[in-house]
Amino acid sequence: MGAHIASQKTYFTVTVALLMLLVVKVGLAYVHIGIWSLVLTLTVATAKALLVILYFMHVRWSTRLVWAVASVGVVWLLVMFALMMSDYLTRGDVHYMLNQPPVSHTVNER
Amino acid sequence: MSSQRHTSLLHQFNDLEQQRLSYEVGMWIFLATEFLLFGTMFAGYMVYRTHFPAAWAAGSQELNVLLGLINTAILLISSMFIALAVRAGQLGLGRSAAKFLLVTMALGSMFLAIKAYEYHDKWSHHLVPGLNFEAHPEHPFGLPLFLSFYFTMTGVHAFHMIIGLGIVGLMAFWCWRGRFTAEHNSPLVMTGLYWHFVDIVWIYLYPLFYLIGR
Amino acid sequence: MRRLLVYLVLLVSAPVAAVAQERMFWPEQASEQAPRLDAFYLALVAINGAVMVLIAALIIVFAWYYRRGSHVNRRFPPHDLLLLETSWIVGTLLIFLAIFAWSTVLFFRVQSPPSGIDLDIYAVARQWMWKFQHPEGPSEINELHLPVGHRVRLTMVSQDVIHSFFVPAFRVKMDVLPGRYTSVYFTPTRTGTYHLFCAEYCGTDHSGMRGQIIVMEPADYQHWLDGQRPETTLAQEGRILYLRHGCSGCHEPESQILAPSLRGLWGSSVRLENGERVTADHRYVRDAILLPQREIVAGYEPIMPSYTGVIDEADMLRLLEYIRSLSREEAAP
Amino acid sequence: MKEAMIGQPGRHYLNEGGFGWKSWLLTTDHKRIGILYMISITSFFLLGGIFALLIRLELLTPQADLVSSETYNRLFTMHGVVMVWFFLIPSIPAVFGNFLIPIMIGARDMAFPRLNLASWYLFMLGGIVAIGAIVIGGVDTGWTFYTPYSSTYANAYVVLTVIGIFIAGFGTIFTAINFIVTTHTMRAPGMGWFRLPLFIWSNYATAIIVILATPVIGITLVLVGVERLLGFGIFDPAMGGDPLLFQHMFWFYSHPAVYIMILPGMGVVSELVACFAYRRIFGYIFVAFASIAIALLGFFVWGHHMFVSGQSLFAGLLFSLLSYLVAVPSAVKVFNWTATLYKGSIRLEAPMIYALGFIGLFTLGGLTGLMLAAAAIDIHVHDTYFVIAHFHYIMVGGMVLAYMGALHFWWPKITGRLYPNGWAIIAAILIFVGFNLTFFPQFVLGYLGMPRRYHTYPEEFQMLNVLSTAGATILGGGYALPLGYLLWSLGWGKRAGPNPWDARGLEWEMTTTPPIKENFEVIPLVEREAYDYAEPALNIGEQLRFEREMAAQGEKGYR
Ligand code: HEA
Ligand code: HEA
Ligand code: CUA
Ligand SMILES: [Cu+2]
């Protein structure tokens with residue numbers, strides 16, 4: 001077997017793609033589309049990361065074991081994010097709401 | 001067992017392929033731990049960003065998009081050079097690998113120089129929480145948090161860059177001295193993986209601190 | 001069915017509790033949730049005890065019966081019995097889920113408020129003491145007097161590190177956090193004096209951060225209150241702060257600056273500039289004073305200054321109680 | 001060839017390569033590194049044990065008489081820190097994992113021998129830094145380092161301790177990388193995944209946890225240090241930080257870490273039970289995958305340490321449910337070990353007594369873990385002695401017993417000497433009794449409401465505390481015994497043959513005692529399953545007599 005050797009052209013192409021994605025990313029920052037700008041920016045960043053991982057880091061040509069190791073970190077980080085947010089996003093004071101159901105408040109709304 | 005052992009085959013291995021695979025997998029496992037190390041800070045980032053969205057958007061305004069952009073480009077290109085260096089090493093071209101590594105180091109140093117300039121800039125604007133900070137009337141809480149995360153995360157990243165520079169330098173030296181061959185070049189490959197990983201971290205740091213919410 | 005089980009276990013738990021009168025093996029039961037929790041606990045002890053006995057008995061019996069050299073049947077020892085494996089996986093899972101279900105029902109009951117609150121008390125914790133504030137004005141250090149049979153809500157906050165409010169006889173515990181309110185609910189059912197512990201490690205004198213909960217007959221409690229009552233109530237003190245910190249300059253209807261009236265605010269649902277709605281509770285009003293920029297009321301300018309570092313936790317409670325009283329007055333005919 | 005296997009070999013890893021300190025401190029031999037670890041963690045255990053004894057002595061009376069509150073708080077903190085990070089986490093993996101993994105899978109060494117040595121140096125460096133912190137003043141935050149106490153208020157050497165833990169953590173990570181890579185790439189021909197001894201499976205699972213969890217505690221502690229040193233706001237509520245964020249990060253590591261502290265022990269018990277029941281482990285596949293399941297599911301439950309911390313109600317319930325799921329694979333293991341005894345041929349040698357003790361005490365500890373995982377009960381017993389009892393049952397009653405079992409089982413292989421069996425059995429029983437006397441009363445104390453980390457306590461708790469202290473004394477004596485007779489055996493013990501227990505496995509059947517430097521003369525070809533014991537293990541005569549008796553009683557034949 002032995003390691004795969006990619007051509008120089010592959011590396012040039014990937015670099016150009018990366019730089020183009022970078023421009024897209026910066027451009028996105030100046031378009032105000034609310035939550036979407038976050039989603040899109042992160043998607044572009046992930047695309048870039050994937051290019052680096054697959055080509056520069058040769059995962060595209062690696063064994064299944066390397067694939068598994070490369071993904072397990074990502075998956076576990078997502079687990080951490082999800083379970084942590086399961087606390088932070090449900091923090092609203094349930095106690096309070098159960099006790100005194102919110103009445104519509106008109107005094108403050110002029 | 002064959003009596004002829006390759007000179008660069010370490011005693012515990014049976015053949016070069018086993019050795020190469022071990023090194024590659026080992027490095028990837030190490031990168032997985034590094035990934036979680038940075039990831040934990042990203043988790044903290046996420047919690048506070050959802051908590052203080054306005055303050056964090058205001059924080060982004062304090063950072064210099066252009067410098068960040070230049071730095072990102074520098075790192076991406078340095079990644080390409082180190083990929084080329086690894087390729088040269090795998091073809092057995094030690095000298096040209098060394099040259100590519102030197103370019104990588106030059107780019108890496110440029111990155112750090114720009115980063116240092118940015119830090120200095122924050123310092124002179126009294127934006128370093130704890131050490132040199134002027135309370136912000138509008139965002140008494142969120143802004144110091146943003147800046148603390150900015151300094152810690154980019155700081156840890158820069159620390160990785162500095163270590164990377166040292167290792168790349170060593171590799172350049174070894175390549176130049178012809179230590180690697182087409183069969184045995186695992187340390188070079190591992191250095192490449194490490195450098196790319198540090199690059200990937202920056203790919204996320206840049207938008208999260210400089211761009212989003214602007 | 002669950003009811004039945006509860007009663008069955010209660011039947012057992014009562015004598016056990018009686019035997020342990022001298023607090024040697026069983027803590028006193030002095031709140032509404034205590035017997036319920038004890039019943040669940042005893043049920044778990046029973047289940048786990050049974051499992052423990054089963055495993056221990058099997059080990060001992062096998063170790064003796066199949067000791068090397070004993071003349072017993074050892075032919076065809078099984079290695080993998082898929083049916084056996086799956087049945088004990090599924091079996092334990094089912095038992096676990098049942099335990100979880102029971103626990104969840106209880107947990108919700110204990111953590112969510114009773115149908116009404118009779119008594120609203122504030123607690124401020126700091127290294128290493130407890131301070132309790134009765135709405136009528138009196139405050140106490142390391143002691144809390146309560147009337148028996150009243151539903152109590154304790155709203156707690158810490159001035160420094162994390163502490164934890166723990167009264168074993170009530171079976172309640174809740175961490176007390178810096179910068180955020182947490183609350184506990186309980187109804188004392190027996191008069192007496194009970195331990196109050198700080199259960200979260202908080203520094204040198206953590207084990208000295210103890211106190212007493214004194215549960216009295218309502219009449220005695222009233223008597224005690226009368227003996228304590230200072231000139232002003234908590235809300236009145238809050239009113240003074242409200243004037244002193246210049247809140248009135250903006251928030252009184254006659255002021256020149258456009259700021260929302262605080263009358264009727266408490267408990268209402270407020271529409272924010274970004275379109276969200278939040279309930280005006282302890283958390284919201286506190287943040288409105290300390291971090292006014294975080295949640296801007298719809299239709300107003302973000303001009304309110306932050307009072308971070310100006311108002312401490314004790315004064316904050318007074319202000320909250322005052323703002324709260326503004327809504328009570330309105331509700332009253 | 002046969003001769004060499006029976007007598008002790010002329011050359012083995014202990015005399016090959018010299019005896020000087022250099023040959024030890026610069027060794028890359030996994031076996032010698034294992035021994036380096038054994039010496040270091042034993043010292044740390046004694047240090048932590050002395051702290052424990054001081055704690056127990058102070059708690060003999062309700063008042064503060066032996067030490068001041070400052071000192072008491074330092075005692076339990078350093079007891080926790082030393083025991084967890086410098087004793088229990090490295091214990092079985094770093095000593096027996098290092099020694100046995102290459103031999104058990106038929107390799108000449110770990111994949112990265114130099115990294116392996118570097119791990120030990122990192123571990124020692126971390127240990128020395130931590131001890132330095134203890135010597136110059138100590139830490140008083142509890143081993144959990146909760147913020148904002150640790151980051152802002154504690155008046156102690158938090159940063160130094162944290163650096164020590166961080167460095168040692170990287171040592172652990174490197175060991176884990178070595179384990180995973182070695183298991184993947186270095187197995188001897190014929191050693192398929194399902195022929196691996198269960199000890200390998202459990203260490204592999206442990207390594208997975210180390211890889212994914214340890215960096216999290218590393219960076220979390222660094223953040224605390226940064227906040228303390230520079231005044232950055234990361235967890236500080238005075239800057240708007242959330243006091244629970246630290247707890248989430250800490251327990252994301254520390255719950256999985258408790259499985260780092262039990263899985264290797266489970267692996268040892270599987271080996272011991274199989275050997276001394278003389279029988280293939282029951283449900284091999286299930287036990288193997290239970291390790292992996294524990295490793296993975298163990299990451300989903302950390303919030304059960306935070307039921308009353310101000311975490312949301314919903315998150316509390318989610319974590320409670322998930323905690324029950326992770327208990328299932330542990331149950332599978334307990335059941336399978338018990339089933340292995342059925343129709344075995346059981347020898348109650350010292351290692352087996354430890355193994356059976358492990359099963360009992362781990363089960364009790366685990367079952368009380370289930371009670372803690374019931375959020376409703378945790379409200380009452382959180383941060384009381386109930387929790388202390390729970391985890392000592394698992395960590396001391398479980399893991400330390402497994403460590404002792406492993407020590408007694410592989411001691412002949414490691415040193416080439418046999419220890420006095422009678423003494424070993426006495427010590428095992430002493431430890432079992434002392435342990436239960438120390439920690440069982442603490443369950444009662446906990447439900448009565450005695451909070452943990454309490455220097456002084458109300459009078460009514462005294463009786464049970466006295467019992468507990470009495471137990472700790474017996475326990476200490478129980479630990480002192482092996483220290484004595486094991487050291488004695490080094491000089492005067494009988495020489496051991498290659499396979500004194502008549503056990504199966506490459507380390508027993510294919511190596512000399514002690515093994516040679518490169519483990520095997522020739523890399524073995526593995527053709528048999530693990531635990532290939534000849535069953536039933538009676539001698540033929542007995543078996544025939546038994547069958548005659550059965551036939552006489554008119555029992556039907558078995559075909
Ligand atoms: C090696 C260490 C170890 C291990 C393996 C475990 C295992 C478990 N632990 Fe434990 N735990 C600790 C070490 C450990 N723990 C420590 C150190 C702390 C305190 C930290 C601190 O605050 O300082 C702690 C605290 C702790 C808490 C928080 C308590 C509190 O602070 O309020 C909880 C709550 O859920 C918990 C639960 C569990 C559970 C459910 C398991 C399960 O994995 C147990 C599974 C095993 C079994 C269940 C036994 C076998 C099963 C059967 C025989 C099946 C049959 C049973 C039935 C049918 C009922 N643990
Ligand atoms: C990981 C492993 C581990 C181990 C092995 C132990 C072992 C022991 N532990 Fe510990 N313990 C913890 C982990 C561990 N502990 C943790 C994590 C905490 C929480 C800390 C915190 O709250 O932050 C804790 C807390 C803790 C407390 C609670 C303190 C408090 O909350 O105030 C107590 C009290 O009894 C205790 C007791 C003991 C005892 C009696 C032993 C015994 O098993 C020890 C027995 C060993 C010896 C006695 C040494 C051997 C002795 C000799 C060889 C004789 C020679 C001796 C002399 C010369 C003196 N431990
Ligand atoms: Cu306050 Cu402990
Ligand atoms: Cu846990």
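Since we're looking at a predicted model, the values are computed, not measured.

Looking only at helices and strands, chain C has 8 helices and 12 strands in total. In terms of overall size, chain C is more extended than a compact globule, its C-alpha atoms giving a radius of gyration of 27 Å where 333 residues would be expected to give roughly 20 Å. Principal-axis analysis of the C-alpha atoms places the extent of chain C at approximately 100 × 50 × 45 Å. Within chain C, buried positions represent 55% of all 333 residues. Pairs at least 24 apart in sequence give 64% of the contacts found in chain C among residues at least 6 apart.

With that settled, consider the overall build of chain A. Secondary structure summary: chain A contains 4 helices and 1 strand in total. In chain A, the succession of helices and strands from N to C terminus is α-α-α-α-β. The buried share of chain A, reckoned over its 110 residues, is 39%. Once local pairs closer than 6 in sequence are excluded, the contacts in chain A between residues at least 24 apart make up 52%.

Opposite the 6 residues of chain C that make contact, chain B presents 5 residues. Buried surface at the junction of chain C and chain B, summed over both partners, amounts to about 530 Å²; 70% is from carbon and sulfur atoms. The three residues of chain C that bury the most area against chain B are Leu291, Gln293 and Arg294 of chain C, which together make up 74% of that side's buried surface. Put simply, chain C and chain B have 0 salt bridges between them. Here the side of chain C that touches chain B is built from residues that sort into 2 nonpolar, 3 polar and 1 charged.

Residue and element names in this part refer to chain C. Taken in spatial order, the 5 strands line up as β3-β2-β1-β5-β8 in an open sheet, and their pairing is mixed. Sheet topology places β3 (139–141) and β8 (182–186) at the edges, where each strand pairs with a single neighbour. The average undirected angle you get between the axes of adjacent strands in this sheet is 25 degrees. In the sheet, strand β5 (residues 152–158) pairs with β8 via 5 bridges, with the strands oriented antiparallel. Directly across from Val152, in β8, lies its bridge partner Phe186.

Residues and elements named next belong to chain D. Coordination sphere of the copper ion (ligand 4), protein contribution only: His255 (ND1), His304 (NE2) and His305 (NE2), at 1.8 to 2.1 Å. Summarised as a motif, the one-chain spacing of the donors to the copper ion (ligand 4) is H-x48-H-H. Between the copper ion (ligand 4) and the iron atom of ligand 1 the interatomic distance comes to 4.4 Å. One end of the pair, His255, is in helix α10 (residues 243–260); the other, His304, is in the loop between α12 (284–297) and α13 (313–341), with 49 residues separating them in the sequence. Using a relative accessible area of 4% as the deciding quantity, one classes His255 as buried.

In the predicted model, chain A carries a mean pLDDT of 79, and the fraction of residues at 70 or more is 80%. Contacts of residues 95–110 of chain A to residues separated by more than four positions or lying in other chains number 48 contacts, the stretch itself having pLDDT below 50.

As a further point, take a nonpolar patch on the surface. A contiguous nonpolar surface patch, about 540 Å² in accessible area, is contributed by Val31, Ile33, Ile35, Trp36, Val39 and Leu40 of chain A. Its location among the elements puts Leu40 of chain A in helix α2 (residues 35–56).

Another point: the environment of Ala530 of chain D. All names here are of chain D. For Ala530, the location among the structural elements is in the loop between α19 (506–509) and α20 (540–552). Judged by its relative accessible area of 11%, Ala530 falls in the buried class. Taking C-alpha positions, Ala530 is 6.6 Å from Gly505, a pair spaced 25 residues apart along the chain. Apart from residues no more than four positions distant in its own chain, Ala530 is found in contact with Arg195, Leu196, Pro197 and Arg280.

A few words on the site of ligand 1. The environment of ligand 1 is made up of 34 residues, and the closest members are Tyr259, Asp378, His382, His390 and Arg452 of chain D. Site remark: ligand 1 is flanked by residues from chains C and D. Contact distances for ligand 1 include 2.9 Å between an oxygen atom and a side-chain N or O atom of Trp143 of chain D. Here a nitrogen atom of ligand 1 and a side-chain polar atom of His390 of chain D are 3.0 Å apart. Only α2 (33–65) and α3 (82–111) of chain C together with α10, α13, α14 (350–373) and α16 (385–415) of chain D provide two or more residues apiece to the shell around ligand 1. Tallying contributions element by element places α14 of chain D first for the shell around ligand 1, with 8 residues. Residues that form the shell around ligand 1 fall into these classes: 22 nonpolar, 10 polar and 2 charged.

All right, on to the packing of aromatic side chains then. Overall, the coordinates contain 97 aromatic pairs over all chains when judged by the stated rule. Plain terms: the ring middles of Trp302 of chain D and Phe319 of chain D are 5.1 Å apart, the flat faces sit at 50 degrees to each other, and that makes the pair tilted. One end of the pair, Trp302 of chain D, is in the loop between α12 and α13; the other, Phe319 of chain D, is in helix α13, and 17 residues separate them in sequence. Both residues of the pair, Trp302 of chain D and Phe319 of chain D, count as buried. In this structure, Arg68 of chain C packs its charged tip against the face of Tyr278 of chain D, placed 4.9 Å from the ring centre.

Bringing the nonpolar core into the picture now. Core analysis: the biggest nonpolar cluster contains 420 residues, and Phe165 and Phe170 of chain C together with Trp85 and Phe96 of chain D have the highest contact counts within it. Here this core gets 21 residues from one element, more than from any other, and that element is α16 of chain D.

Residues and elements named next belong to chain D. Every one of the 35 residues lining ligand 2 counts as a neighbour, but Arg56, Tyr72, His79, His392 and Arg453 are closest to it. A distance of 2.7 Å is found between an oxygen atom of ligand 2 and a side-chain nitrogen or oxygen belonging to Arg56. Between ligand 2 and His79 there is a distance of 2.8 Å, counted from a nitrogen atom to a side-chain nitrogen or oxygen. For the shell around ligand 2, the elements supplying multiple residues, two or more each, are α3 (30–58), α4 (69–88), α16, α17 (421–448) and α18 (462–492). Per element, the largest residue contribution to the shell around ligand 2 is 8 residues, and it comes from α3. Here the residues of the shell around ligand 2 sort into 24 nonpolar, 8 polar and 3 charged.

Here we come to the coordination of the iron atom of ligand 2. Residue and element names in this part refer to chain D. In the first shell of the iron atom of ligand 2, the protein supplies His79 (NE2) and His392 (NE2), at 2.0 Å from the metal. For the iron atom of ligand 2, the 6 donor atoms in the first shell make angles of 86 to 178 degrees at the metal, so the coordination geometry reads as octahedral. Highlighted residues: His79 in helix α4 and His392 in helix α16, separated in sequence by 313 residues. By the burial criterion, His79 is buried, and His392 matches it.

This next bit is on the interface of chain C and chain D. The interface of chain C with chain D comprises 83 residues on the first partner and 98 residues on the second. Of the roughly 8,400 Å² buried at the junction of chain C and chain D (both faces included), carbon and sulfur atoms supply 69%. Viewed at the interface, chain D and chain C are joined by 0 salt bridges. Summed over the shared surface of chain C and chain D, the result is 23 residue pairs in polar contact (both at pLDDT 80 or more). The element that contributes the greatest number of residues to the side of chain C that touches chain D is α3 of chain C, accounting for 18 residues. Along the lines of polarity and charge, the residues of the side of chain C that touches chain D split into 49 nonpolar, 18 polar and 16 charged.

This next bit is on the environment of Leu326 of chain C. Residues and elements named next belong to chain C. Tracing the chain through its elements places Leu326 in helix α8 (residues 313–331). Taking C-alpha positions, Leu326 is 9.1 Å from Ala235, a pair spaced 91 residues apart along the chain. Sequence-distant contacts of Leu326, that is, excluding residues within four places in its chain, are made with Leu262, Arg263 and Gly264.

To continue, consider the pattern of salt bridges. Under the counting rule described, the total for this entry stands at 22 salt bridges over all chains. Taking the shortest distance from any N to any O, the salt bridge between Glu295 of chain C and Arg283 of chain C comes out at 3.1 Å. In this pair, Glu295 of chain C sits in the loop between α7 (282–290) and α8 while Arg283 of chain C sits in helix α7, placing the two residues 12 residues apart along the sequence. When its relative accessible area of 14% is taken as the criterion, Glu295 of chain C is described as buried. Of the residues examined, Arg283 of chain C reaches a relative accessible area of 30% and is grouped as partly exposed. One salt bridge connects Arg318 of chain C with Asp315 of chain C, and the closest N-O pair in it is separated by 2.9 Å. Taken together, the positions of Arg318 of chain C and Asp315 of chain C, both in helix α8 and 3 residues apart, correspond to about one turn of that helix. Overall, the relative accessible area of 16% leaves Arg318 of chain C in the buried class. Several salt bridges converge on common partners, so that one network encompasses Asp502, Arg504, Glu509, Arg528 and Asp532 of chain D.

Rules used throughout
- Residues numbered from 1 in each chain as written.
- Chains lettered and ligands numbered in written order.
- Predicted model: local features only at pLDDT ≥ 70, side-chain atom pairs only at ≥ 80, totals over all residues.
- Heavy atoms only, no water.
- Helix = DSSP H or I, 4+ residues; strand = E, 2+ residues; numbered from the N terminus.
- Rg over C-alpha atoms; globule rule 2.2 N^0.38 Å.
- Buried < 20%, exposed > 50% of the residue type's maximum accessible area, 1.4 Å probe, protein only.
- Contact = heavy atoms within 4.5 Å.
- Buried area = accessible area lost by both parts, 1.4 Å probe.
- Salt bridge = Lys/Arg side-chain N within 4 Å of Asp/Glu carboxyl O.
- Nonpolar A, V, L, I, M, F, W, Y, C, P; charged D, E, K, R; others polar.
- Pairing = 2+ DSSP bridges.
- Axes fitted to C-alpha atoms, helices over the stretch in contact; angles between N-to-C directions.
- Donors = N, O, S within 2.8 Å, 3.2 Å for Na, K, Ca; no water.
- pLDDT = per-residue confidence, 0-100.
- Patch = residues over 30% accessible without salt bridge, like charges linked within 9 Å, V, L, I, M, F, W, Y side chains within 5 Å.
- Areas by Shrake-Rupley, 256 points an atom, 1.4 Å probe, with all protein chains shown as cover.
- Near = heavy atom within 4 Å.
- Polar contact = N/O pair within 3.5 Å; in protein donor to acceptor, adjacent residues only side chain to side chain.
- Phe/Tyr/Trp six-rings, centres within 6.5 Å; stacked < 30°, edge-to-face > 60°.
- Lys NZ or Arg CZ within 6 Å of the ring centre and 35° of its normal.
- Core = buried A, V, L, I, M, F, W, Y, C linked by side-chain atoms within 4.5 Å.
- Tetrahedral: all angles 85-135°; square planar, octahedral: opposite > 155°, others 65-115°.

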